[in-house]
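Understanding the architecture of this molecule
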Amino acid sequence: MRVLIAEDHAPSRKLLRHLIKPLQNFQIVGEVESGEDLICMVMKEKPDLILVDINMPSLNGLEAVKSCKKMMSFIQVIFITGHDNFALEAFDVNAIDYILKPINRDRLYAALDRAEAFCKPVAGNEQPSIKKDLMVKHSNQFSFIPLDDIIFIERADRKAVIHTVDQKIELNEALTNLEENLDSRFFASHRSYIVNLQYLKRIETTGQTYKAYFKNYEETAKISKNKLLELQRKKAL
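The paragraphs below set out a description of the structure included in this document.

Rules and cut-offs
- Residues numbered from 1 in each chain as written.
- Predicted model: local features only at pLDDT ≥ 70, side-chain atom pairs only at ≥ 80, totals over all residues.
- Heavy atoms only, no water.
- Pairing = 2+ DSSP bridges.
- Helix = DSSP H or I, 4+ residues; strand = E, 2+ residues; numbered from the N terminus.
- Axes fitted to C-alpha atoms, helices over the stretch in contact; angles between N-to-C directions.
- Contact = heavy atoms within 4.5 Å.
- Salt bridge = Lys/Arg side-chain N within 4 Å of Asp/Glu carboxyl O.
- Buried < 20%, exposed > 50% of the residue type's maximum accessible area, 1.4 Å probe, protein only.

1. A few points about the sheet that holds strand β11 (residues 186-190)
- Spatially, β10-β9-β8-β12-β11 is the arrangement adopted by the 5 strands of the open sheet, whose pairing is antiparallel. In this open sheet, the two edge strands, each paired with only one partner strand, are β10 (168-171) and β11. Averaged over neighbouring strand pairs, the angle between their axes works out to 20 degrees when direction is ignored.
- Two elements, strand β9 (residues 159-164) and β10, share 4 bridges in a ladder whose sense is antiparallel. If you follow His163 over to β10, its bridge partner there is Lys168.

The structure is reproduced here in structure tokens:
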């Protein structure tokens, strides 16, 4: 993979070079120190992957990446930064990872492995489809929840509760924000529920709403009456 480093902090660039150089499947094709230079270098080198700091001169890394994505939609991005307040925005541009400084080697290598897996050629030269994770912040840390494991999400007591196959995760996050980072398997069945259609087993009537039951899971979700037909159409696809 052709890698471009965008980082205005010289010691951080040196560390990234040191960590990436021994990896046979990765080649550093350039380094830049600003967001504007990042855009120019992406146009010139057309890298597979960019490692990007957020706070850089002239144009921050996040805005620069958005511009790069317009030119090369399949370019992979790993953010490496000292600030955690842009993590959700980073996920909106489908970043592979959001790594906080000081850089953890194992975390970086795991992210590089995911980027490499995404870029491997597949039959028919189609862009590969990988299982995405939902990046969330809770208990003062960022976690990655596989979308395959999420059964449904509900709003309860002003919090979002993510029901997975093996745990419940409470977040101080609006359902609408979480919904933006889910894929076509998920459906907002009710103002307080988002369900994973792959787990849906049956639907029962309960007054003016419907109750959704899931495979191998005891708890249920709600489906609004005016959402039922739309859900049925999506389920049939």
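2. Digging into the pairing of strand β14 (residues 209-214)
- As paired elements, strand β13 (residues 200-206) and β14 share 6 bridges and run antiparallel to each other. Across the sheet, residue Ile203 finds its bridge partner in β14, namely Ala212.
- Taking the residues that link successive antiparallel strands as the turn, the β13-β14 hairpin has 2 residues, and the phi of Gly207 there is positive, at about 70 degrees.
- Pairing geometry for β14 and strand β15 (residues 217-224), over 5 bridges, is antiparallel. Residue Tyr210 lies in a different strand from β15, and its bridge partner there is Ile223.
- With antiparallel pairing between neighbouring strands as the criterion, β14 and β15 make up a hairpin whose turn holds 2 residues, including Asn216 at a positive phi of roughly 55 degrees.

3. Digging into the environment of Lys70
- As for its placement among the helices and strands, Lys70 is situated in helix α3 (residues 61-71).
- Distance in space between the C-alpha atoms of Lys70 and Leu200 is 36 Å, their sequence separation being 130 residues.

4. Description of the side chain of His190
- The residue His190 is located in strand β11 in this model.
- Those residues in contact with His190, other than ones at most four positions away along the chain, are Lys222, Ile223 and Ser224.

5. Considering the pattern of salt bridges
- Taken as a whole and judged by the stated rule, the model has 14 salt bridges.
- Salt-bridge contacts for Arg2 lead to Glu45; the nearest nitrogen and oxygen are separated by 2.9 Å. Of this pair, Arg2 sits in strand β1 (residues 2-6) while Glu45 sits in helix α2 (residues 35-45), and the two are 43 residues apart along the sequence.
- Classification of Arg2 as partly exposed rests on a relative accessible area of 28%.
- Linking Glu219 and Lys168 is a salt bridge whose minimum nitrogen-to-oxygen distance equals 2.4 Å. Within this pair, whereas Glu219 is found in strand β15, its partner Lys168 is found in strand β10, the two being separated by 51 residues in sequence.
- Take Glu219: its relative accessible area is 30%, and that puts it in the partly exposed class.

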